[in-house]
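Analysis of the macromolecular model
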Amino acid sequence: MALGFLVSPPFHNAAAQPASLTIVYPNEVNAFHDAAADIIRHAYKELGIQIKYKTYPAERALSLSNKGVADGELVRIEGIEAKYPNLIRVPVSHVTAEQVAFAKNPNIKISGWGSLKPYRIVFHRGYKVAENNTEGMNRSIVSTDQAAFKMVSNGRMDVVIANRFSGLDVIRKLNLNDVKLLSPPVQTNPLFHYLHSKHRSLVAKVTKILDRMKKDGSFNKILADHKVPKPLGPN
């Protein structure tokens, strides 16, 4: 009797690699996000994976990623996985964020988050690093950076906290020339790409590619192509 019909094809446990991923980030259009998006796009291109980007309010983006509706985050600080446990950090920072204070009074001295305590502070909802570091302070949380900057310009608040690039972009677009960037930054953070846990098999592969890109100068070239200036310096 022939036994060939008893032979089964090999069983593959590994999940098939996705053809594309949808990566989200806060809906702020600037050179900083464009550069970060290009770096991540280049990395996944080596794996044959197309990256699609969508923007949402910061809090909603995190919620969608944690639920697996989106496949991951473009740029987030280290540690968000404590609150969003379905997200896995790819442990190579591809961009650096500067959390900066802006004010009408250029004489305000910045020395970390504690130096903001005497002032009325405002920032946009979902801005986790600001939320975590201003608890107990006199703060207002509003829907957008634009609303926050207008409140400082019209004197309702003293200081607005924003990412350096987002803040300068708002000042330019709204012509708020009375609001000035204060230096040094309140805090400087390396930012990381995160993937939903359903894509954990990709983490090691992407880590290896990003690590090589960082060492071979690819990061710096992409940042320069987008005219992203070097960080202002330590806080």
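Note that this is a predicted model, so its numbers are computed, not measured.

Along the backbone of the protein chain there are seven helices and nine strands. With the C-alpha coordinates aligned to their principal axes, the bounding extent of the protein chain is approximately 90 × 35 × 30 Å. Counting across all 235 residues of the protein chain, residues that qualify as buried make up 49%. Taking as baseline every contact in the protein chain between residues at least 6 positions apart, the subset at least 24 positions apart corresponds to 77%. Carbon and sulfur atoms make up 53% of the accessible area of the protein chain, which amounts to about 12,100 Å² in all. With 32 positive and 19 negative side-chain charges, the protein chain shows a separation of 2 Å between the mean positions of the two kinds.

As a further point, take the pairing of strand S8 (residues 159-163). Across the five residues of S8, five count as buried, placing the element largely inside the fold. For strand S5 (residues 95-103) and S8, the ladder comprises five bridges, and the chain directions are antiparallel. The residue bridging Ala 103 from the neighbouring strand is Val 159, located in S8. Relative to S8, strand S6 (residues 121-124) runs parallel, the two sharing two bridges. Each bridged residue has a counterpart across the sheet, and for Ile 121 the counterpart in S8 is Val 159.

Our focus in this paragraph is helix H4 (residues 145-153). Taken together, the buried positions of H4 are Asp 145, Ala 148, Phe 149, Met 151, Val 152 and Ser 153. Here the buried face of H4 lies against S5, S6, strand S7 (139-142), S8 and helix H5 (164-174). Immediately downstream of H4, the backbone of Gly 155 shows phi near 85 degrees, a positive value.

Our next topic: the confidence of the model for the protein chain. Chain-level statistics for the protein chain give a pLDDT mean of 90 and a share of 92% at 70 or above. Ignoring residues within four places in sequence, the model shows residues 1-14, a span with pLDDT below 50, making zero contacts including any to other chains.

With that out of the way, let us pick up the nonpolar core. Within the largest apolar cluster, 57 residues are counted, with the highest numbers of intra-cluster contacts made by Tyr 44, Leu 116, Ile 161 and Leu 210. If one sorts the elements of this core by residue count, helix H1 (residues 31-45) sits on top with eight residues. Setting aside its immediate chain neighbours within four residues, Tyr 44 contacts Leu 21, Ile 49, Ile 51, His 193, Leu 195, Leu 202 and Val 206. Phe 102, Ala 148, Met 157 and Ile 171 belong to the second-largest nonpolar core, a separate cluster that totals 15 residues.

For the rest of this paragraph, the subject is the side chain of His 124. In this structure, His 124 sits in strand S6. Aside from chain neighbours lying at most four places away, what touches His 124 is Glu 28, Ala 58, Ile 141, Val 142, Ser 143, Thr 144 and Asp 145.

Here we take up the packing of H1 against helix H7 (residues 218-225). The interhelical angle for the contact between H1 and H7, taken along N-to-C directions, is 140 degrees, at an axis separation of 9 Å. In terms of their interaxial angle, H1 and H7 are classed as oblique. Here H1 runs over H7; the crossing is right-handed. Along the contact surface, H1 presents Ala 35, Asp 38, Ile 39 and His 42, while H7 presents Phe 219, Ile 222 and Leu 223. Across the contact of H1 with H7, the residue classes break down as five nonpolar, one polar and one charged.

This brings us to the environment of Lys 198. Locating Lys 198 in the fold gives a position in the loop between strand S9 (180-196) and helix H6 (200-215). Along the backbone, Lys 198 and Ala 58 are 140 residues apart, and their C-alpha atoms lie at a distance of 22 Å. Beyond its immediate stretch of four places on either side in the chain, Lys 198 contacts Gly 68 and Asp 71. Engagement of the side chain of Lys 198 in a polar contact is seen with the backbone oxygen of Gly 68, the distance being 2.7 Å.

Definitions and cut-offs
Residues numbered from 1 in each chain as written. Predicted model: local features only at pLDDT ≥ 70, side-chain atom pairs only at ≥ 80, totals over all residues. Heavy atoms only, no water. Helix = DSSP H or I, 4+ residues; strand = E, 2+ residues; numbered from the N terminus. Buried < 20%, exposed > 50% of the residue type's maximum accessible area, 1.4 Å probe, protein only. Contact = heavy atoms within 4.5 Å. Areas by Shrake-Rupley, 256 points an atom, 1.4 Å probe, with all protein chains shown as cover. Lys, Arg positive; Asp, Glu negative; His and termini not counted. Charge placed at Lys NZ, Arg CZ, Asp CG, Glu CD. Pairing = 2+ DSSP bridges. pLDDT = per-residue confidence, 0-100. Core = buried A, V, L, I, M, F, W, Y, C linked by side-chain atoms within 4.5 Å. Axes fitted to C-alpha atoms, helices over the stretch in contact; angles between N-to-C directions. Parallel < 35°, antiparallel > 145°, perpendicular 65-115°, else oblique. Left-handed = near helix turned anticlockwise from the far one by under 90°. Nonpolar A, V, L, I, M, F, W, Y, C, P; charged D, E, K, R; others polar. Polar contact = N/O pair within 3.5 Å; in protein donor to acceptor, adjacent residues only side chain to side chain.

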